[in-house]
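# Coordinate analysis (summary)
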Amino acid sequence: MKFVSVRGESRSVSFRDALFQGIAPDGNLYVPSLIPVLPDEFIQQLKDALLHDIGERVIGSFIDEIPSEHLQRIIQKAWNFPIPVVEIENNLFLLELFHGPTLAFKDIGARFMAEVMSYFLDQEQQHVTILVATSGDTGSAVAHGFYNVPNIEVFILYPSGKISHLQEQQMTTLGGNIRAIEVEGTFDDCQRLLKQALNDRDIQKSRMLTTANSINLGRLIPQITYYVWGISQLRQLGHAEKPIVVVPSGNFGNLTAAVYAKRMGTPIQAFVAATNMNDVVPQYFRTGIFTPRPSVQTMSNAMDVGNPSNFARLQSLYENDVNRFRNDGEAISISEAETLSEIRRTYERTNYILDPHTAVGVAAARRIVHQADLPIIVTATAHPAKFPDVVKQAIGTNIPLPPSLQAALIEPKRSVRISSNYDSLKQLLVIDEG
Ligand SMILES: *Cc1c(COP(=O)(O)O)cnc(C)c1O
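Residues numbered from 1 in each chain as written. Predicted model: local features only at pLDDT ≥ 70, side-chain atom pairs only at ≥ 80, totals over all residues. Heavy atoms only, no water.

Counting buried residues along strand 5 (residues 128-133), 6 of its 6 residues qualify, which places the element largely inside the surrounding structure. Of the two faces of strand 5, the one holding Val128, Ile130 and Val132 and the one holding Thr129, Leu131 and Ala133 are both buried throughout. Here 6 bridges tie strand 5 to strand 6 (residues 152-159), and the two strands are oriented parallel to one another. Within the sheet, the bridge partner assigned to Val128 lies in strand 6 and is Ile152. Tracing the backbone out of strand 5, into helix 6 (residues 137-146) and back to the parallel element strand 6 gives a crossover that is right-handed. Bridge count between strand 5 and strand 8 (residues 209-210): 2 bridges; the pairing is parallel. Looking across to strand 8, one finds that Ile130 is bridged to Thr210. (Buried < 20%, exposed > 50% of the residue type's maximum accessible area, 1.4 Å probe, protein only. Helix = DSSP H or I, 4+ residues; strand = E, 2+ residues; numbered from the N terminus. Pairing = 2+ DSSP bridges. Right-handed = clockwise from strand over helix to strand, strands pointing away.)

The next subject is the pattern of salt bridges. For the structure shown, the criterion picks out 21 salt bridges. A salt bridge links Arg192 to Asp189, with the shortest nitrogen-to-oxygen separation between them at 3.0 Å. Here Arg192 and its partner Asp189 are both found in helix 8 (residues 187-198), 3 residues apart, which amounts to about one turn of the helix. For Asp279, the salt bridge goes to Arg293, with nearest N and O atoms at 2.6 Å. Here Asp279, found in the loop between strand 10 (270-275) and helix 12 (280-287), pairs with Arg293, found in the loop between helix 12 and helix 13 (311-317); they are 14 residues apart in sequence, far enough to count as distant. Put simply, Glu89, Glu342, Arg345, Arg349 and Arg366 are held in one network by salt bridges that share partners. (Salt bridge = Lys/Arg side-chain N within 4 Å of Asp/Glu carboxyl O.)

Attention shifts here to helix 3 (residues 51-60). Inspection of helix 3 places Leu51, Ile54, Gly55, Val58 and Ile59 among the buried residues, and these make up the whole buried set. Taken around the axis of helix 3, the buried residues stretch over an arc of 115 degrees, which confines them to a single face. For helix 3, the elements touching its buried residues are helix 2 (40-44), helix 4 (68-78), helix 5 (106-124) and helix 10 (217-236). (Arc of directions from axis to C-beta. Contact = heavy atoms within 4.5 Å.)

Further remarks concern the packing of aromatic side chains. Within this structure, the stated rule accounts for 13 aromatic pairs. Linked through ring pairs, Tyr284, Phe285, Phe290, Phe311, Tyr318 and Phe325 together constitute an aromatic cluster. Sitting over the face of the ring of Tyr318, Arg263 holds its NZ or CZ atom 5.1 Å from the ring centroid. (Phe/Tyr/Trp six-rings, centres within 6.5 Å; stacked < 30°, edge-to-face > 60°. Lys NZ or Arg CZ within 6 Å of the ring centre and 35° of its normal.)

The quantities given are spatial measurements derived from coordinates; they are silent on function.
And the structure:
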């Protein structure tokens, strides 16, 4: 299959090229040139399918450049952790996407992307440098995804003193092929440095440089798998009905993957996009007008996005027609107070501790629960132990840090500190060669 710019102005490219370019030459996102449909018999037999086999089928129907035995191996390496579905209340299910190394759902896409890049580089006997800018979570998912992956070196730019201690430790203690660069400046400075480096021919001469942000198709396509897997698990639990799927959303990559899954024939009744107070998409659902604006800070901070980058992909899937969008689902914004009280309510009813992002999803699910007597699947995007302060505030309980995070806290921090001046980054990237 070929991949095209979402506005269709650049020529179509292979998956490999879309993966390493990240963004099309016309500055827009890449999308698949068509949406493959899963065969009926595959859907009928989902109940007994294995995660890795579903992945191979779903991903392989987009990416036909990789022989299936290699694709199977890539998937096995990337997803070496479970993705359980748990029923926390009657007809309310959580699809737990947070069992990867950084305890958040971004591991699923980031680890696939790392392995698939490594596969192509190995075939081509090439080496690549990945440069990313992060305000926290993306950096640790990328760092852990690419850690020890052959043929790849990673430089992570983060704003000094502006990310949490735990996030910093997760990025700076790995060492090996992961280099953490602490920038004396803001996240915007980091992004500016990143853009400048990606366009710098002096650097491109000495190394193949690319980025790995969340809009890359190498992260989006694998995410479709877990929606199909969710249906499989629902059937295992004895539910044959089409569920409603609730997705806590920020940049809307996770929701876009859900829409692809439905278009491919996965039995999903409807979607709910759940946001925190950054509600530009719920507002679009109400008014039909999309008005991006600066983000505001909330407890579910990985969803603090004022101009969701995947909105262009959703627009193209729904042909810029808000009514088509509304036919498929709805969008609900949840306040900070509701997020806290949802963590409390769910804990009191079920003993299950939600993280603040998943709590936004569960709170949205409760608003629609009366609408239909259907199972509801909420994607659980982070482990609650990553947000001990919010959990403590909500239920008064100290939640112990999982062993993997505890280990990161005691390792020595290894980072290079630079000014926000572009020359200091350039020197690092050029001199470092050889
Ligand atoms: C990134 C993130 C989200 C939002 O996902 P999008 O694909 O950007 O909508 C939700 N929850 C957590 C924990 C995240 O890290």
